[in-house]
Amino acid sequence: MKRIGVLTSGGDAPGMNAAVRAVTRKAIYHGLEVYGIYHGYQGLMEGDIKRLELGSVGDIIQRGGTTLFSARCPEFKTREGQLQGIEQLKKHGIDALVVIGGDGSYMGAKALTEHGFPCIGVPGTIDNDIPGTEFTIGFDTALNTVIDAIDKIRDTATSHERTYVIEVMGRNAGDIALWAGLSGGAETIMIPEEDHDIEDVVAKLKRGHERGKKHSIIVVAEGVGSGVEIGKKIEEMTSFDTRVTVLGHVQRGGSPTAADRVLASRLGAKAVELLLEGKGGRAVGIEKNELVDYDIIEALGRPHKIDDKMYQLSQELSI
Ligand code: ADP
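Residues numbered from 1 in each chain as written. Predicted model: local features only at pLDDT ≥ 70, side-chain atom pairs only at ≥ 80, totals over all residues. Heavy atoms only, no water.

Novice: Give me the lowdown on the overall build of the protein chain, citing residues and values where you can.
Specialist: Scanning the protein chain from N- to C-terminus turns up eleven helices and eleven strands. Computed over its C-alpha atoms, the radius of gyration of the protein chain comes to 21 Å, within 12% of the 20 Å expected for a compact globule of 319 residues. On the principal axes, the C-alpha backbone points of the protein chain span a range of 70 × 35 × 35 Å. Counting all 319 residues of the protein chain, 52% fall into the buried class. Long-range pairs, those at least 24 residues apart, make up 74% of the contacts in the protein chain between residues at least 6 apart in sequence. (Helix = DSSP H or I, 4+ residues; strand = E, 2+ residues; numbered from the N terminus. Rg over C-alpha atoms; globule rule 2.2 N^0.38 Å. Buried < 20%, exposed > 50% of the residue type's maximum accessible area, 1.4 Å probe, protein only. Contact = heavy atoms within 4.5 Å.)

Novice: Account for the UniProt feature "binding site: Mg(2+)" (unreviewed entry) in the protein chain, naming residues and giving values.
Specialist: The UniProt feature table records "binding site: Mg(2+)" (unreviewed entry) at D103. Residue placement: D103 occurs in helix 4 (residues 103-114). Residue classification places D103 among the partly exposed positions, given a relative accessible area of 28%. (UniProt positions renumbered as here; feature names shortened; annotations may be inferred.)

Novice: Outline the sheet that holds strand 3 (residues 49-52), supporting the account with residue identities and numerical values.
Specialist: On the basis of which strands lie adjacent, the open sheet formed by seven strands has the order 3-2-1-4-5-10-11 and mixed pairing. With one partner strand each, in any of the chains shown, strand 3 and strand 11 (290-295) form the two edges of the open sheet. Taking each pair of neighbouring strands and ignoring which way they run, the sheet shows an average axis angle of 30°. With five bridges connecting them, strand 1 (residues 3-8) and strand 4 (residues 96-101) associate as parallel partners. By the bridge assignment, T8 is partnered in strand 4 with I100. (Pairing = 2+ DSSP bridges. Axes fitted to C-alpha atoms, helices over the stretch in contact; angles between N-to-C directions.)

Novice: Residues and numbers for the site of the ligand, please.
Specialist: The environment of the ligand is made up of 16 residues, and the closest members are R72, C73, G104, S105 and R171. Within the side chain of R72, one N or O atom sits 2.4 Å away from an oxygen atom of the ligand. Within the backbone of C73, one N or O atom sits 2.6 Å away from an oxygen atom of the ligand. Expressed as a share of its isolated accessible area of 550 Å², the protein-covered part of the ligand is 85%. When residues in the shell around the ligand are grouped by element, the largest group, five residues, is from helix 4. (Near = heavy atom within 4 Å. Polar contact = N/O pair within 3.5 Å; in protein donor to acceptor, adjacent residues only side chain to side chain. Areas by Shrake-Rupley, 256 points an atom, 1.4 Å probe, with all protein chains shown as cover.)

Novice: Please provide a residue-by-residue account of the packing of aromatic side chains, values included.
Specialist: For the coordinates displayed, the defined rule picks out four aromatic pairs. A ring pair is formed by Y41 and F76, whose centres lie 4.1 Å apart and whose planes are at 5°; its orientation type is stacked. Of this pair, Y41 sits in helix 2 (residues 40-46) while F76 is found in the loop between strand 3 and helix 3 (79-91), placing the two residues 35 residues apart along the sequence. The pair formed by Y41 and F76 is uniform in burial state, with each residue classed as buried. An angle of 85° between the planes, with centres 5.7 Å apart, marks the rings of F139 and W179 as edge-to-face. Taken together, the residues span a long stretch of sequence, with F139 in helix 5 (residues 139-160) and W179 in helix 6 (residues 175-183) at a distance of 40 residues. Take F139: its relative accessible area is 2%, and that puts it in the buried class. Given a relative accessible area of 26%, W179 falls into the partly exposed group. Among the aromatic side chains, those forming a connected cluster through ring pairs are F135, F139 and W179. The lysine or arginine in question, K50, covers the ring of Y38, its NZ or CZ lying 4.5 Å from the ring centre. (Phe/Tyr/Trp six-rings, centres within 6.5 Å; stacked < 30°, edge-to-face > 60°. Lys NZ or Arg CZ within 6 Å of the ring centre and 35° of its normal.)

As structure tokens, this is what we get:
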């Protein structure tokens, strides 16, 4: 193998740049040439491909977003789109591809692998919902953004004695809500992996109020439903002054935390190591602080799971 490609795809995540840097530098260190594929699978199909040198990835480790840009490309879900992508890779003499992205992007990498083109998946998404890894690149940064917001809302919630509903991202996974809720000291955490009865949520709020609590914070994962609707219901059922904050895309931005930069560097380098060993069709991840890799097809077949013990702990600490 002489030449590898790297692309970022799907929803961007802080730390993707650190991963691109690691892939590029590790590969060049081992004598490979690296090509950056811009705008995800869209750019792959269109041949938006440029050589990356050591300096191309300088001064990006600290930057949020992705300097390779990202895109959503429905055409890549078709066989024709995938074969067009492979044609472009072959035209540029690229022998293998590192895909940094979420579960949708992994599906693209899986499809390329099934067509015989070796790909490695690197988990880059704030949602932390990729099977085969305990943590994804961007999750820690998003979490810190959410905690910062919760702490600020808590200040104003105390001053005005209000109930606050904070809706966070995570798609169908409750990881951001659970981790942010636990570390932000939320009274209630609502995640899609658990059943929630609004009557129970309200009863808990009322108990807190009777005990003299001045405010309550309820963190709702977007996968549960609309924070606005939940806020409305709570206000109707309690008559407590209730406000809703939907954090939205602020959670996707910002300079990556040290933890995300380290994770991205380790996973990016691991992806190249596998390719150097002649292994394609793998998904890299981290488990118990050790780097791991799985067959990408097999990894995608396993469901992502929430940390049940952590959910139980959050319940016990917020009585
Ligand atoms: P994420 O990677 O963050 O989950 P998406 O779900 O939007 O984001 O997926 C990113 C891109 O991956 C899609 O726009 C598409 O180009 C590609 N993709 C998604 N699903 C598939 C699939 N089943 N087969 C091939 N490519 C796919």
